[in-house]
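Fold and geometry: a report
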Amino acid sequence: MITRIPQNLHDCWQQELAQAYTDPKKLLEDLNLDPSDFGNALEARKLFPMRVPRPFVAAMTPGDANDPLLAQVLPAAEEFIATPGYSVDPLEEQDNQQPGVLHKYRSRALLMFKGGCAVNCRYCFRRHFPYEENQLTREALNQALEYLEAQPELNEVILSGGDPLMAKDNQLFKLIERLETMPNIIRLRIHSRLPVVLPSRLTQALADRLAQSPLQIILVLHCNHPNEITSGLSLGINRLKHAGVTILNQSVLLKGVNDDVDTMVALNEKLFANGILPYYLHLLDKVQGAAHFDTSDDNARELMAGMLARLPGFLVPRLVREQGGKASKTLIDLQLS
Ligand SMILES: *Cc1c(COP(=O)(O)O)cnc(C)c1O
Ligand code: SF4
């Protein structure tokens, strides 16, 4: 039983969200870094706006221009480089059939519940995604839900976005209530990076509602580096664990952020210390403007071998790539080429 609710985890997440950094110069100054050292790099905010909530910045090391959290959110000069083989829509999502739904795999489908994210990650495969056009109207959401209910082979709905936890609790609760009426649906999965950058989003009200649900609930966090697991995130995760939620993590393999064995071992150990199991390690989706984060498949394989040698099997994530037209994510063969 958690009876003591720290004030900073109450319901202040929307306020914290509104106070996110959007100006790279201000962010750098507050980190004791000199914006003039970054030249024209910061102009890349025009390609994809910068957005970084303060709790995420609090986990960065002041004065470290190579901080692995900063590297994920700071506009970079390399974003201007057009790289062959990198597209604006690597997953070919931009012409989906049922608005708001991505139903590519038989038993589970994504419901794009909420456009927009709390943070803009520079490597995001949706950095060119027309979020605003994809905000679901109430009517479109109802149609999407009718579609999901009518699929006999579907048993799991995955809330995606943007980030589904951008929705307010009451909005989310209405949706959950509707999903609970669907006889075909037994599991609800929430894919979110939001708690990592804004731990206060894991409200007690949310935990209480999830605890009551007859659905099995899974939260798949998106955490890339051990420094992202702060005491605030631990508290919020603990709350959900007490509510019976299964918590998994997926990471993206990012050059200069987490592409070394020590970092990956530390990440997966720290996840498990907080009751979170590693799920997927994604190879970067080849999106235009993010090529500088990419590593070779062989580097990824060597990293996997390093993890296998140092971690129990259940703490080694599955290395995958998303490919259009496949029945599932593609597991990467670990044999060096
Ligand atoms: C990744 C993804 C899923 C979930 O796949 P799992 O392997 O079950 O995690 C479902 N639908 C789509 C369209 C996806 O991209
Ligand atoms: S939180 Fe996820 S969807 Fe949002 S910008 Fe980051 S990687 Fe992209």
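Everything that follows concerns the structure shown earlier in this document.
Residues numbered from 1 in each chain as written. Chains lettered and ligands numbered in written order. Predicted model: local features only at pLDDT ≥ 70, side-chain atom pairs only at ≥ 80, totals over all residues. Heavy atoms only, no water.

**Describing the nonpolar core**
Our working definition: In plain words, nonpolar cores are sets of buried Ala, Val, Leu, Ile, Met, Phe, Trp, Tyr and Cys residues tied together by side-chain atoms within 4.5 Å. The rule is simple: take the accessible area with a 1.4 Å probe, protein chains only, and divide by the maximum for that residue type; under 20% is buried, over 50% is exposed, in between is partly exposed. Here a strand is any run of E in DSSP of at least two residues, a helix any run of H or I of at least four, and the numbering for each starts at the N terminus. Whether two residues touch is decided by their heavy atoms; if any such pair falls within 4.5 Å, the residues are in contact.
Ranked by internal contacts, the top residues of the largest apolar core, which has 90 residues, are L27, V52, M60, L111 and L172. With five residues, the top contributor of residues to this core is helix α6 (residues 169–180). Among residues more than four places away in sequence, those in contact with L172 are F113, L159, P164, L165, A167, R201 and L206. Counting residues in each nonpolar core, the second largest holds six residues, with I218, L248, Y279 and V320 among its members.

**A few points about the site of ligand 1**
Quick reminder of the rule: Here a residue counts as near a molecule or strand whenever at least one of its heavy atoms sits within 4 Å of it. Any pair of nitrogen or oxygen atoms within 3.5 Å is treated as a polar contact; in protein, a donor-acceptor pairing is required on top of that, and neighbouring residues in sequence qualify only through side-chain atoms on both sides.
Close to ligand 1 lie K104, Y105, R108, L110, I158, R189, Y279, Y280, E322 and K329. Take Y279: an N or O atom from its side chain is 2.7 Å from an oxygen atom of ligand 1. Here Y280 contributes a side-chain N or O atom positioned 2.6 Å from an oxygen atom of ligand 1. For the shell around ligand 1, the elements supplying multiple residues, two or more each, are β2 (108–114) and β7 (277–282).

**What about the pattern of salt bridges?**
Heads up, the rule is: Counted as salt bridges are all cases of a side-chain nitrogen of Lys or Arg within 4 Å of a carboxyl oxygen of Asp or Glu.
Counted under the stated rule, the structure contains 18 salt bridges. Measuring nitrogen to oxygen at the nearest pair gives 2.5 Å for the salt bridge that ties K46 to E43. Residue classification places E43 among the partly exposed positions, given a relative accessible area of 36%. Because the salt bridges share partners, they merge into one network encompassing E79, R122 and R127.

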